[in-house]
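# Overview (structure and organization)
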Amino acid sequence: MTAKQVLSTLREVAREDKAAFLPGFFKAVPGGYGEGDRFLGCVVPDQRKVARQFRDLSRDELLKLFASPWHECRLTGMLILVGQYETAAKPKNPHRDFECREIVEFYLANLGAVNNWDIVDTTAPKILGAWLVEHFDERGVLDRLAASDVLWERRVAVLATLSLIKNDEFEEIVELAERLMGDGHDLMHKAIGWMLREMGNRDQRQLEKFLKKHAKAMPRTMLRYSIEKLSREDRTKWMTQ
């Protein structure tokens, strides 16, 4: 299995209409957050199928995908890595902890390829977040990523908390939300609001506690995302604080 074979397979499922549409959707236009990115025109379900087909791709070949100018190569490569992590994390794997750590370190060393929101959102919870659920003493990596000047690394920090939230652990998202509330990028407002909403889905009292303290100062997009699942009456209340 090679990266060239992955690219060839992706080209087979590429669509011209998607190749024309995706650069605008992912803001790969001058001045956009994805400026300069290139698209073959593959939809995500097809990329997931390709990732399963090449699930045993070597790390050296994954590096070639990560370095590709094609968005779909980088996303497919990362989907392959997610699959490898999930395989390594199976309870019956006698080398589980070693192999999972190796994959997490490989992921963190190649965050340069995690350079749009879709790649972040499909990898951060399932690799880094899944690892941190079981390794509390390593959660300091979230602080390091949150302090990055790179938008996508900050978003990785926030999205990784989704796995913690699903484990009813809210300390990290509350700390990151408070720390990054002044972040100037709309994509961070959306990500934080989304994670706060997920926290509210698990424990509405925790969300309300956060809102009582911060609703007035929260960017409107962040606030709207965080209260999306509340009642209309409650949404109106928080938006008019």
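Procedures and definitions
- Residues numbered from 1 in each chain as written.
- Predicted model: local features only at pLDDT ≥ 70, side-chain atom pairs only at ≥ 80, totals over all residues.
- Heavy atoms only, no water.
- Helix = DSSP H or I, 4+ residues; strand = E, 2+ residues; numbered from the N terminus.
- Rg over C-alpha atoms; globule rule 2.2 N^0.38 Å.
- Buried < 20%, exposed > 50% of the residue type's maximum accessible area, 1.4 Å probe, protein only.
- Contact = heavy atoms within 4.5 Å.
- Areas by Shrake-Rupley, 256 points an atom, 1.4 Å probe, with all protein chains shown as cover.
- Lys, Arg positive; Asp, Glu negative; His and termini not counted.
- Charge placed at Lys NZ, Arg CZ, Asp CG, Glu CD.
- Salt bridge = Lys/Arg side-chain N within 4 Å of Asp/Glu carboxyl O.
- Patch = residues over 30% accessible without salt bridge, like charges linked within 9 Å, V, L, I, M, F, W, Y side chains within 5 Å.
- Expected span 1.5 Å × (residues − 1).
- Core = buried A, V, L, I, M, F, W, Y, C linked by side-chain atoms within 4.5 Å.
- Polar contact = N/O pair within 3.5 Å; in protein donor to acceptor, adjacent residues only side chain to side chain.

## With respect to the overall build of the protein chain
- Each helix and strand in the protein chain was counted, giving 15 helices and zero strands.
- In terms of C-alpha radius of gyration, the protein chain reaches 19 Å, essentially the compact-globule figure of 18 Å for 241 residues.
- Considering only C-alpha atoms, the protein chain reaches an extent of 55 × 45 × 30 Å along its principal axes.
- Across the 241 residues of the protein chain, 51% fall into the buried class.
- Once local pairs closer than 6 in sequence are excluded, the contacts in the protein chain between residues at least 24 apart make up 67%.
- Looking at the protein chain as shown, the accessible area adds up to about 12100 Å², and 50% of this sits on carbon and sulfur atoms.
- A gap of 5 Å separates the mean positions of the 38 positive and 37 negative side-chain charges of the protein chain.

## Structural notes on the pattern of salt bridges
- This structure, assessed with the given rule, holds 16 salt bridges.
- The salt bridge involving glutamate 61 is made with lysine 64; its shortest N-O contact spans 3.0 Å. Residue glutamate 61 and its partner lysine 64 are both found in helix H4 (residues 59-66); the two are separated by three residues, about one turn of the helix.
- For arginine 155, the salt bridge is made with aspartate 121, and the minimal N-O distance between the two is 2.7 Å. Residue arginine 155 is located in helix H10 (residues 151-166), and its partner aspartate 121 is located in helix H7 (residues 117-123); the two are separated by 34 residues in the primary sequence.
- Classification of arginine 155 as buried rests on a relative accessible area of 5%.
- The class of aspartate 121 is buried, set by a relative accessible area of 17%.
- In this structure, a network of salt bridges that share partners links the residues Arg139, Glu169 and Glu172.

## Considering a positive patch on the surface
- A cluster of like positive charges, contributed by Arg48, Lys49, Arg52, Lys126 and Lys166, occupies part of the molecular surface.
- It is helix H3 (residues 44-53) that contributes the most residues to the positive patch, three residues altogether.
- In this fold, arginine 48 is placed in helix H3.
- For arginine 48, a relative accessible area of 33% puts it in the partly exposed group.

## Quick look at unusual backbone geometry
- Positive phi is not limited to glycine here, since lysine 27 has a value of about 55°.
- Structurally, the position occupied by lysine 27 is in the loop between helix H2 (16-25) and H3.
- The phi dihedral of aspartate 168 falls on the positive side, at around 60°, and the residue is not glycine.
- Inspection of the secondary structure assignment puts aspartate 168 in the loop between H10 and helix H11 (171-179).

## A look at H10
- Compared with an ideal rise of 1.5 Å per residue, which puts 16 residues at 22 Å, H10 spans 24 Å between its outermost C-alpha atoms and is within 8% of the ideal.
- Counting buried positions along H10 yields 14 of 16 residues, so the element is predominantly enclosed.
- Aspartate 168, located one to two residues past H10, shows a positive phi value of around 60°.

## Some points on the nonpolar core
- Counting residues in each nonpolar core, the largest one holds 76 residues, and the members touching the most others are Tyr107 and Leu128.
- Ignoring anything within four residues of it in the chain, the contact list for leucine 128 reads Val104, Tyr107, Leu108, Thr123, Val141, Leu142, Leu145, Val156 and Ala160.

## Re the side chain of aspartate 37
- Its place among the elements puts aspartate 37 in the loop between H2 and H3.
- Since its relative accessible area comes to 13%, aspartate 37 is described here as buried.
- Here the side chain of aspartate 37 touches histidine 71 through a polar contact of 2.8 Å, side chain to side chain.
- Not counting chain neighbours up to four residues away, the residues in contact with aspartate 37 comprise Ala28, Pro69, His71, Arg74 and Asn116.

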